[in-house]
Each structure stands twice: as C-alpha cells, then as structure tokens.
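Single-letter residue listing:
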Amino acid sequence: MPTFASFDGLQLSYTVWEGEGRPVLLQHGFAADTNANWIAPGVVDTLQDAGLPVISLDARGHGRSAKPHDEASYGDDAMVRDVSALLDELGLDEVSMVGYSMGAMIALGAVAADPRIRCLAIGGVGSGIVDFGGVDTRVVTPDAISEALLAEDPSALPPSSAPFRALADALRADRVALAAVARGTANPKLDLTAIAVPTLILAGDTDPLAAEPERLAAAIAGARLVRVPGDHMTAVMHPAFGSTLAAFLTSHDL
C-alpha cells in the first residue's frame with residue numbers, strides 16, 4: 001500500500017484500484033480501516049464490478065497510516081485536510097466521495113472545503129449530523145468511546161460503547177491512538193445547505209447512530225435516502241449497500 005506525506009508531514013496509507021471514469025474515494029469509519037470497512041464487506045468488489053476506479057484512504061490513527069497518540073494531531077479538521085492532501089498527491093481534478101460513520105463526517109466536511117468532490121454518498125449517520133454536527137451524543141459520547149478503548153476490563157462496558165472496543169480489539173488497532181482520535185476530533189461546523197453535489201444517504205434500518213435519516217436528507221438539497229438492512233456495524237455488509245452505492249455513483253459519473 002503506498003503512502004504519502006499529508007499537509008503536516010504525517011504519513012498516511014492509501015490503496016488504488018484501477019477503472020474507468022471518475023475515481024471514487026472511500027473514507028472508512030472510526031476504529032475501522034480500508035479492509036474492514038470496504039474490502040471485507042465486498043464494497044470494493046461491487047464498485048470494481050461496475051467498472052469504477054476506487055481509492056481508499058486509511059485515516060490518521062487507523063489502519064496502516066501513522067498513529068500519533070496526542071489529541072492535537074486530530075484537531076483543526078485534520079482528517080478533512082488529509083482528503084485534499086491525497087487529491088493533491090494523486091493529481092486528481094475530480095472525485096466522487098463515499099464516507100461511512102466517522103468517514104461520513106469527514107466527507108461532509110471535505111465536500112464543503114474542496115470543489116474537486118463532485119458527488120457524495122454517506123452512511124452510518126442520521127439526525128445527529130443535523131442536531132450536533134457529527135456524532136449523535138444522545139447515543140454515545142466521544143468521552144465514553146475513549147473510556148471504552150482505554151478500559152482494562154472491557155467486559156463491563158455499556159452497549160453503546162462496547163462495539164467500538166470490540167472492533168478495535170478485533171482489528172488489533174492502536175487503542176491509545178483511537179482514544180486520542182475520539183477526544184481530539186470535534187464535531188465539525190457543517191453548513192448542510194451549502195452542499196450542492198448529488199448526495200446519497202444510506203442508513204441501516206436498525207442503526208441507532210443513523211436514526212431519523214430523513215431529517216438529514218431533508219437538510220441537503222436533493223439528497224436521496226435509501227434504508228438498508230442492518231445496524232451500525234452490519235449495514236455496510238448487506239449486498240443492498242454496495243449495489244445501491246454502485247448504481248448511484250455510476251449514474252452520476254459525468
């Protein structure tokens with residue numbers, strides 16, 4: 001997997017799959033990585049079967065990218081700026097962008113900041129974006145996620161934060177770095193009314209972090225909402241997620 005130096009010199013890892021047309025940039029969710037969020041669930045294969053070129057970025061603190069332990073490395077919209085730095089690195093004039101959960105928040109920030117993003121698809125988020133600008137703190141707070149990641153005994157964690165610890169452990173992730181991500185990444189200040197690109201919202205029908213996705217869709221002009229079976233961890237694995245995503249991206253590959 002190639003790496004590049006982002007805006008602050010941090011080395012980030014990305015993967016490229018060839019295809020025809022506008023490249024699709026994938027941004028995974030919190031504690032996940034390219035493999036867990038996009039390859040293993042079959043999303044990359046589905047997009048490749050549709051003939052699309054695909055790029056996936058391992059966010060700072062995740063996957064094969066550098067994993068600083070200080071909160072400051074994740075502030076000031078660092079992950080949004082990483083997206084633009086990758087587009088600069090690859091010399092791309094336009095992309096479609098897909099983000100899931102944390103990646104959806106990054107994608108929403110990136111589409112507002114970078115005109116090279118011409119089409120947007122987000123999943124794993126709902127009215128929390130409208131009400132809080134990011135993580136739905138009615139379900140789980142960043143502090144609770146951080147505490148779960150650093151807990152010596154994960155067996156007694158509440159059901160709201162336990163899945164994040166379980167995913168981190170399953171992927172053998174750097175839990176200290178992820179705790180710094182949770183504490184250091186403030187909800188971005190998003191002006192959803194400024195989003196003017198074709199937008200798809202994919203929401204798991206039992207995902208508490210994607211509750212009331214119709215409110216999010218209503219806040220973005222022309223956004224299309226599709227519900228798919230699954231909760232926050234499983235919706236991306238359902239075949240309907242990938243097939244709906246591929247159909248949307250190919251129809252807007254202009």
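Residues numbered from 1 in each chain as written. Predicted model: local features only at pLDDT ≥ 70, side-chain atom pairs only at ≥ 80, totals over all residues. Heavy atoms only, no water.

- The name given to the protein chain in an unreviewed UniProt entry is Pimeloyl-ACP methyl ester carboxylesterase, and the organism recorded there is Amycolatopsis umgeniensis.

## Things to note about the environment of Thr-15
Phase 1: Along the chain, Thr-15 turns up in strand S2 (residues 11-17).
Phase 2: On the accessibility criterion, Thr-15 (15% relative accessible area) is buried.
Phase 3: With 232 residues separating them in the primary sequence, Thr-15 and Ala-247 have C-alpha atoms 22 Å apart.
Phase 4: Setting aside anything within four residues of it in sequence, one finds Thr-15 in contact with Met-1, Thr-34, Val-54, Ile-55 and Ser-56. (Helix = DSSP H or I, 4+ residues; strand = E, 2+ residues; numbered from the N terminus. Buried < 20%, exposed > 50% of the residue type's maximum accessible area, 1.4 Å probe, protein only. Contact = heavy atoms within 4.5 Å.)

## Looking at the pattern of salt bridges
Phase 1: Under the definition given, this model contains 14 salt bridges.
Phase 2: Across the pair Arg-183 and Glu-71 runs a salt bridge whose closest N-O atoms are separated by 2.7 Å. With Arg-183 in helix H8 (residues 175-184) and Glu-71 in the loop between strand S4 (54-57) and helix H3 (78-90), the pair connects residues that are 112 residues apart, well separated along the chain.
Phase 3: Residue classification places Arg-183 among the partly exposed positions, given a relative accessible area of 34%.
Phase 4: A relative accessible area of 35% places Glu-71 in the partly exposed class.
Phase 5: For Arg-116, the salt bridge is made with Asp-88, and the minimal N-O distance between the two is 2.8 Å. Taken together, the positions of Arg-116 in the loop between helix H4 (102-113) and strand S6 (117-123) and Asp-88 in helix H3 put the pair 28 residues apart, joining distant regions of the chain.
Phase 6: Taking the relative accessible area as the measure of exposure, Arg-116 reaches 19% and is therefore buried.
Phase 7: The class of Asp-88 is exposed, set by a relative accessible area of 54%. (Salt bridge = Lys/Arg side-chain N within 4 Å of Asp/Glu carboxyl O.)

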